[in-house]
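Below, each chain spelled out in residue letters.
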Amino acid sequence: MIDDEDVKMLQREILSDVVMTRDIIDVLVALDRAVPEACAAFADYLVALTVDYAVWESRPTGIIDRDKAHWLVTTLSAGDGPSATAQRIAFEIVREAECCDEALIGFALRKGSEKLRGLGAERMLLAS
């Protein structure tokens, strides 16, 4: 289980002076998958950390190009598929980025529509 104290330790002691990399994000996303009982603070921290890294820290800034999109889709969908946190990450990156490769947009939309079907939503009406 990951609790609030674990998140504080990650923030203050483990990741406070670390330069973020894809490998670190990969490990944290894998941790999210491996530990199903995590507090909401961990999910919030992981989403913010990943969005910040993917959109604003890695080059090209503000753009999710084909390479980044492929890495994100691979990382977020590994194992038994994306966790709820991984789905949130995909949506937030698409929302935050100035420009986003269609692979990540498709992944975010496909996983979102699967979630809606799982909730019993058979039709979605769009107003213009």
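Residues numbered from 1 in each chain as written. Predicted model: local features only at pLDDT ≥ 70, side-chain atom pairs only at ≥ 80, totals over all residues. Heavy atoms only, no water.

Chemist: What's the story with a nonpolar patch on the surface in this structure? I'm lost.
Modeler: A surface patch of nonpolar side chains, about 260 Å² in accessible area, is lined by Phe91, Ile105 and Leu109. On the secondary structure map, Ile105 appears in helix H6 (residues 102–118). Since its relative accessible area comes to 31%, Ile105 is described here as partly exposed. (Patch = residues over 30% accessible without salt bridge, like charges linked within 9 Å, V, L, I, M, F, W, Y side chains within 5 Å. Areas by Shrake-Rupley, 256 points an atom, 1.4 Å probe, with all protein chains shown as cover. Salt bridge = Lys/Arg side-chain N within 4 Å of Asp/Glu carboxyl O. Helix = DSSP H or I, 4+ residues; strand = E, 2+ residues; numbered from the N terminus. Buried < 20%, exposed > 50% of the residue type's maximum accessible area, 1.4 Å probe, protein only.)

Chemist: Just checking my understanding: could you explain the packing of aromatic side chains for this structure?
Modeler: Each aromatic ring pair is described using two quantities: the centre-to-centre distance and the angle formed by the ring planes. The final tally for this structure, using the stated rule, is 1 aromatic pair. Centre to centre, the rings of Tyr53 and Trp71 are 6.0 Å apart; their planes meet at 85°, and the pair counts as edge-to-face. Placement of Tyr53 in helix H3 (residues 40–57) and of Trp71 in helix H4 (residues 66–77) is noted, with a sequence separation of 18 residues between them. By relative accessible area, Trp71 is classed as buried at 8%. (Phe/Tyr/Trp six-rings, centres within 6.5 Å; stacked < 30°, edge-to-face > 60°.)

Chemist: Whenever I open this one, the environment of Ala40 confuses me. Can you help?
Modeler: Along the chain, Ala40 falls in helix H3. Residue Ala40 is classed as exposed on the basis of its relative accessible area, which comes to 56%. Taking C-alpha positions, Ala40 is 8.5 Å from Asp3, a pair spaced 37 residues apart along the chain.

Chemist: I keep staring at the pattern of salt bridges and nothing clicks. Help me out?
Modeler: Pairing between side chains of opposite charge can happen when the charged atoms of each approach one another. By the definition in use, this model includes 4 salt bridges. For Arg88, the salt bridge goes to Asp44, with nearest N and O atoms at 3.0 Å. Within this pair, whereas Arg88 is found in helix H5 (residues 84–96), its partner Asp44 is found in helix H3, the two being separated by 44 residues in sequence. A relative accessible area of 35% places Arg88 in the partly exposed class. A salt bridge links Glu92 to Arg95; its shortest N-O distance comes to 2.6 Å. One end of the pair is Glu92 and the other is Arg95, both in helix H5 and 3 residues apart, which spans about a single turn. For Glu92, a relative accessible area of 25% puts it in the partly exposed group.

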